[in-house]
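Chain by chain, the residues run as shown.
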Amino acid sequence: MTAAGKVPPAKVLVLGAGVAGLAAIQTAKNMGAIVRAYDVRPVVKEQVESLGGQFLKVDYQEDGSGSGGYAKEMSDGYKAAEAKLMLEQAADADIIITTALIPNRPAPKLVSKEMIDGMKRGSVIVDLAAENGGNTVLTKKDDTFVTPNGVAILGYTDLVSRLPTTASNLFGNNVAKFLLSIGPTTQPAKDQYAIDYADDAVRGMLVVHDGSLTYPAPPYAPPEPPAKPAASLAPPKEVPQWKKFAADATKLSVLAAVLTGLGRAATPELSVLLTTFALSCLAGYQAVLGVPPALHSPLMSVTNAVSGLTAVGAMLLLPAQSFALKGTAQILGAAALVASAINIAGGFLVTKKMLQLFKRPTDPKEYYSLYALPAAVLLGGLAYVQRAGSMYGHTVVGLASGVACISAIGGLGKQSTARLGNTIGVVGVLFGLCATLGAQLAAGATAAGVKQLAALIGAGAAIGLGVASRVGPTELPQTVAGFHSLVGGAAVATAIGEYLLRMSAGHMTPLAAAAIYAATFLGGITVTGSIVAFGKLNGSLSGVPKALPLRDVWNFGALALNAAALALLVANPSGALGLKLLGFATASSFFLGAHVASGIGGADMPVVITCLNSASGWALCAEGFMLSSTLLIMVGALIGSSGAVLTDDMCQAMNRNILDVVLAPTPTGGSGGPAKDYGAWTAIEASALAAEMLDAKSVVIVPGYGLAVAKAQYAIAEIASMLTKRGVKVSFGIHPVAGRMPGQLNVLLAEAGVPYDLVYEMEEVNEQLPGADVALVVGASDTVNSDAEDDPTSAIAGMPVVQVWKANKVVVLKRSMGSVGYAGVDNPVFYNENTEILLGDAKASCDALRGAIAAAVGVPVAA
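Residues numbered from 1 in each chain as written. Predicted model: local features only at pLDDT ≥ 70, side-chain atom pairs only at ≥ 80, totals over all residues. Heavy atoms only, no water.

(A) Geometry of the overall build of the protein. Counting secondary structure elements, the protein contains 29 helices and 15 strands. Computed over its C-alpha atoms, the radius of gyration of the protein comes to 36 Å, more than 25% above the 29 Å expected for a compact globule of 863 residues. In terms of principal-axis extent, the alpha carbons of the protein reach across some 115 × 75 × 40 Å. Sequence-distant contacts in the protein: of pairs separated by 6 or more residues, those separated by 24 or more amount to 75%. (Helix = DSSP H or I, 4+ residues; strand = E, 2+ residues; numbered from the N terminus. Rg over C-alpha atoms; globule rule 2.2 N^0.38 Å. Contact = heavy atoms within 4.5 Å.)

(B) Local environment of the environment of Thr136. Take Thr136: it is sitting in the loop between strand S5 (124-127) and strand S6 (144-146). Its relative accessible area of 1% is what places Thr136 among the buried residues. Along the chain, Thr136 and Gly506 lie 370 residues apart, while their C-alpha atoms are 101 Å from each other. Residues within four places of Thr136 in sequence aside, it is in contact with Lys109, Val111, Ile116, Ile125, Asp127 and Ile153. (Buried < 20%, exposed > 50% of the residue type's maximum accessible area, 1.4 Å probe, protein only.)

(C) Region of interest: the environment of Gln54. Mapped onto the fold, Gln54 is located in strand S3 (residues 54-56). Along the sequence, Gln54 and Ser322 sit 268 residues apart, while their C-alpha atoms lie 78 Å from each other. Once residues within four sequence positions are removed from consideration, Gln54 is found in contact with Val35, Arg36, Ala37, Val48, Arg726, Ala856, Val857 and Gly858.

(D) Quick look at a negative patch on the surface. Side chains of Glu761, Glu763, Glu764 and Glu767 sit close together on the surface and give a patch of like negative charge. Per-element tally for the negative patch: the top contributor is helix H27 (residues 762-768), with three residues. Among the structural elements, Glu764 can be located in helix H27. (Patch = residues over 30% accessible without salt bridge, like charges linked within 9 Å, V, L, I, M, F, W, Y side chains within 5 Å. Areas by Shrake-Rupley, 256 points an atom, 1.4 Å probe, with all protein chains shown as cover. Salt bridge = Lys/Arg side-chain N within 4 Å of Asp/Glu carboxyl O. Lys, Arg positive; Asp, Glu negative; His and termini not counted. Charge placed at Lys NZ, Arg CZ, Asp CG, Glu CD.)

(E) The packing of helix H12 (residues 372-387) against helix H13 (residues 393-411), seen in detail. Running from amino to carboxyl end, H12 crosses H13 at an angle of 160 degrees, the nearest separation of the two axes being 9 Å. The orientation of H12 with respect to H13, classified from their angle, is roughly antiparallel. Our pair here, H12 against H13, has a crossing hand that is left-handed. Taken together, the residues of H13 that come into contact with H12 (itself represented by Leu378, Leu379, Leu382, Val385 and Gln386) are Gly393, His394, Val397 and Ala400. Of the residues in the contact of H12 with H13, the class split is six nonpolar, three polar and no charged. (Axes fitted to C-alpha atoms, helices over the stretch in contact; angles between N-to-C directions. Parallel < 35°, antiparallel > 145°, perpendicular 65-115°, else oblique. Left-handed = near helix turned anticlockwise from the far one by under 90°. Nonpolar A, V, L, I, M, F, W, Y, C, P; charged D, E, K, R; others polar.)

(F) Inspection of the pairing of strand S10 (residues 698-703) at higher detail. Within S10, six of the six residues are buried, which leaves the element mostly enclosed by the surrounding structure. With four bridges connecting them, S10 and strand S11 (residues 729-734) associate as parallel partners. Note that in S11 the partner of Ile701 across the bridge is Phe732. In this structure, S10 lies alongside strand S13 (residues 774-778), joined through five bridges in parallel fashion. Opposite Val699, over in S13, you have Val774 as the bridge partner. (Pairing = 2+ DSSP bridges.)

(G) Structural context of a nonpolar patch on the surface. On the surface, a cluster of nonpolar side chains totalling about 610 Å² of accessible area is made up of Phe171, Val175, Phe178, Leu179, Tyr193 and Met205. Within the secondary structure layout, Leu179 lies in helix H5 (residues 159-181). Leu179 sits in the partly exposed class, given a relative accessible area of 39%.

(H) Spatial organisation of the sheet that holds S13. Taking strand neighbours across the sheet as the criterion, the six strands line up as S12-S11-S10-S13-S14-S15 in an open arrangement whose pairing is parallel. Single-partner strands in this sheet number two, and they are strand S12 (759-761) and strand S15 (835-839). Taken pair by pair, the neighbouring strands of this sheet meet at an average axis angle of 25 degrees, ignoring direction. In the sheet, S13 pairs with strand S14 (residues 809-814) via five bridges, with the strands oriented parallel. Along S14, the bridge assignment pairs Val777 with Val812. Along the sheet face, helix H29 (residues 842-857) touches S13, S14 and S15 and points at about 145 degrees away from the line of S13.

(I) Up close: the nonpolar core. Of all hydrophobic cores here, the largest spans 116 residues; its most connected members are Val306, Leu309, Leu337, Val635, Val802 and Val804. Among the elements that take part in this core, helix H21 (residues 630-653) stands out by supplying twelve residues, more than any other. Beyond its immediate chain neighbours, meaning those up to four positions away, Val804 contacts Val702, Leu769, Ala775, Val777, Val784, Val810 and Val829. (Core = buried A, V, L, I, M, F, W, Y, C linked by side-chain atoms within 4.5 Å.)

(J) Just the sheet that holds S6, in detail. Across the sheet, seven strands lie side by side as S3-S2-S1-S4-S5-S7-S6; this open sheet has mixed pairing. If you trace the sheet from one side to the other, it starts and ends with S3 and S6, each paired once. In this sheet, neighbouring strand axes are inclined to one another by 20 degrees on average, regardless of whether the strands run parallel or antiparallel.

(K) Spotlight on the pattern of salt bridges. Within this structure, the stated rule accounts for 18 salt bridges. Where Lys141 meets Glu131, a salt bridge forms, and the shortest distance between an N and an O atom there is 3.5 Å. One end of the pair, Lys141, is in the loop between S5 and S6; the other, Glu131, is in the loop between S5 and S6, and ten residues separate them in sequence. In this structure, Arg815 engages Asp841 in a salt bridge whose closest nitrogen and oxygen atoms are separated by 3.0 Å. One end of the pair, Arg815, is in the loop between S14 and S15; the other, Asp841, is in the loop between S15 and H29, with 26 residues separating them in the sequence. Given the relative accessible area of 60%, Arg815 is considered exposed.

(L) Layout of the side chain of Arg419. By secondary structure assignment, the location of Arg419 is in helix H14 (residues 415-442). Residue Arg419 is classed as buried on the basis of its relative accessible area of 10%. In this structure, Arg419 is in contact with Leu355, Gln356, Phe358, Lys359, Asp363, Glu366 and Tyr368, ignoring residues within four places of it in sequence.

(M) Here's a closer look at the packing of H12 against H14. The contact between H12 and H14 brings their axes to 11 Å, and the two run at 5 degrees. Accordingly, the angle class assigned to the pair H12 and H14 is roughly parallel. Along its contact with H12, which presents Ala375, Leu378, Leu379, Leu382 and Gln386, the element H14 presents Val427, Leu430, Phe431, Cys434, Gly438, Ala439, Leu441 and Ala442. Partitioned by chemical class, the residues of the contact of H12 with H14 number eleven nonpolar, two polar and no charged.

(N) Local environment of unusual backbone geometry. In the segment running from Tyr215 into Pro216, the intervening peptide bond is cis, with an omega of 0 degrees. Of note, Pro216 is situated in the loop between strand S9 (212-213) and helix H7 (241-265). The backbone of Asp142 shows a phi angle near 60 degrees, a positive value even though the residue is not glycine. Within the secondary structure, Asp142 is located in the loop between S5 and S6. You will see that Lys711, though not glycine, has its phi angle at about 55 degrees, which is positive. Relative to the helices and strands, Lys711 resides in the loop between helix H24 (705-710) and helix H25 (713-725).

(O) Structural context of helix H9 (residues 296-306). Of all eleven residues that make up H9, eleven are buried, and the element is covered over most of its length. If you check which residues of H9 are buried, you get His296, Ser297, Pro298, Leu299, Met300, Ser301, Val302, Thr303, Asn304, Ala305 and Val306.

(P) Layout of the confidence of the model for the protein. Per-residue pLDDT for the protein averages 84, and the proportion of residues at 70 or more is 91%. Segment residues 229-234 is flagged for pLDDT under 50; beyond a separation of four residues in sequence, or across chains, it makes two contacts in the model. Below pLDDT 50 for its whole length, residues 667-674 participates in 20 contacts with residues either more than four positions away or in separate chains. (pLDDT = per-residue confidence, 0-100.)

(Q) The environment of Leu707, seen in detail. By secondary structure assignment, the location of Leu707 is in helix H24. The spatial distance from the C-alpha of Leu707 to the C-alpha of Pro755 is 17 Å, given a sequence separation of 48 residues. Every residue in contact with Leu707, bar those within four places of it in the chain, is listed here: Ala712, Gln713, Ile716, Leu745, Val778 and Gly779.

(R) Region of the structure containing the pairing of S15. When you tally the buried positions in S15, you get four out of five residues, the bulk of the element. As defined by bridge partners, S14 adjoins S15 across five bridges and the pair is classed as parallel. Counterpart to Val812 in the pairing with S15 is Ile837.

This is the structure:
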């Protein structure tokens, strides 16, 4: 490697691993070449590898060891297999050194004309067996022969005697160039010998000149350093410790005031519901804290499926004694039930597919189907007690449903129980639906009503399973966003339907009115926000933030008007005014969801997804207050708090808070401040990178969203596998916001077969990077940007990042040097002395690297 760039190492093929061959292997390896060797005697394999070479093996069972340590002549079958191997290797080699000899016989022909014709122009063959006829068919004894395709074949038998002359010529040339470099070539007078005293290197080594002692040279006086510019920013002031406690005390005071207000208006029924709500929030918070980042994608998927319990409210709107639908409320209930069923079936299938990717061949067999027995016992018991005349058996099953849904999230706390957690989640939702059906049967539902429920749920489930079966891990984020919109739509339809039903029955209360408005508003935001998120993640909409002028005025104005409308509805919870207010809530929430999501750039999509996940839970919780259902409050608070925790995790990973994301989103491709000139960067080819990785002892791979877009996870997985088999320690480092939703890259790597115990979180991999020989960055920029730690004026200052620059060597796979990350800032790591850039599409670059490593280790790679 020089200042002009880096030249890939030569590829040397040594044929014959006797004394001469082993000497050639060691010499070529010491000079930095990639060395492969072949011999018919398998016993020399260990000697070749001990010198750093790769031993090539013919796919044919025959031992070529002969007497006296020499090789014997091989069978025709072996020779055919050998010829095939040699043809492949010759085409890739730059230099072939042949040393194969058999006592009292002509040298075996190892290099055919077909092999020579396939070699690259400029390649060289050194035939050390030329004395006995040579190992190539074109060798000319004591001569050099150049083939028509530019391959030089050296057949000298006196190479040993030629080397002193060659070495003397080279040394003499170096001395002459040295003498010329110390003055004559830099002086104005030509053809005169002179010493250049102005050359610091020459002056430093000059000892005597014209009889005078000139050593030591005067000390070097470095130029004056440029004056440092005045600091543009004052150093950040440390926040006094008391202010942190004061901030917490203020938040707790607000909470105390809210609780006091609720206590003033509380009824026995509201007190029970609030107790359930508070305990469920705490349970959800604690359960989610135990879920590792690698399982955040399955966590969001399973909570999304559980939020399909909006079906409970939809079921209560439908006619219990008739198959036919009558009235707007029942039509809204049917639509909500179908949407909820799509979400439930599709969500659990997507979760199952994701978790199946993490399963290893060595994991014990699982018999989750046996858990159908206790579920059947509970549901059978419900049927029995209902027939026996009990009116409250369904409440116990409802309690079991809530406990199972909480346990489902708890099961996702580790890989060994994650699939069990998904199974428990399915059972929990099933219990919830059956408990609701039991309540309807206890209230007088008939077979016709049950058939209608079964038909609607069956239709929705069929659609959900069909959609989920076609979804791959790369499409996971937009799929989750799409399912969120269904939950939001179901919440809106159920809330309006419930309002219509209560109005007709005259059972409207202020609590129910407030809950209906909240469910409508939260559901509406979830609908359009999820649709916009789906469009951005799917590429149907631009990732650039777009919003109306005075964006925040529109957003806060909509919030203020909805707060006023809510107060008006609670004060006058019945009549035509209520329908108008709910219509306003629906329209304004649709606008607010779309406007807020459109104004947020692609870099903040992980936060948007988690916020929508949380909003769907709070909408379900509001539905629970609307129906006085402890089950829906329990599950809704569980999902809402789960999404809130994930949102906070994503914000911390970007060193931002939720208000920053909503009010000051990061622009996609925007400017991160004045452009900086980081200097030149160093390019590298796939073959040279393959050599570096094979020579390394430890390699850390840091994937980004570019890997997901290019679908390069399979090539990366094969690269990791080949390196591991060669004894290289390989690990992966995942930044929390590297994908477009939490845990997406973990799922992609699992899909490609990367064992999850090789994948580390950001904090864990940062501890490994100082000892890593190579850090390979694939499609990431902001998440590996050192300015986050070094430049307080950067747009990403303070953001936790993967510290790849601490590795001995950094190689970045990047589409072009003109592109920047989502934050719109360049990355100084790309210009460091220890960084090299492999330009190109991530998939194409990974495929090229995979092919180069496979060729180096002699492993065939499927196209």
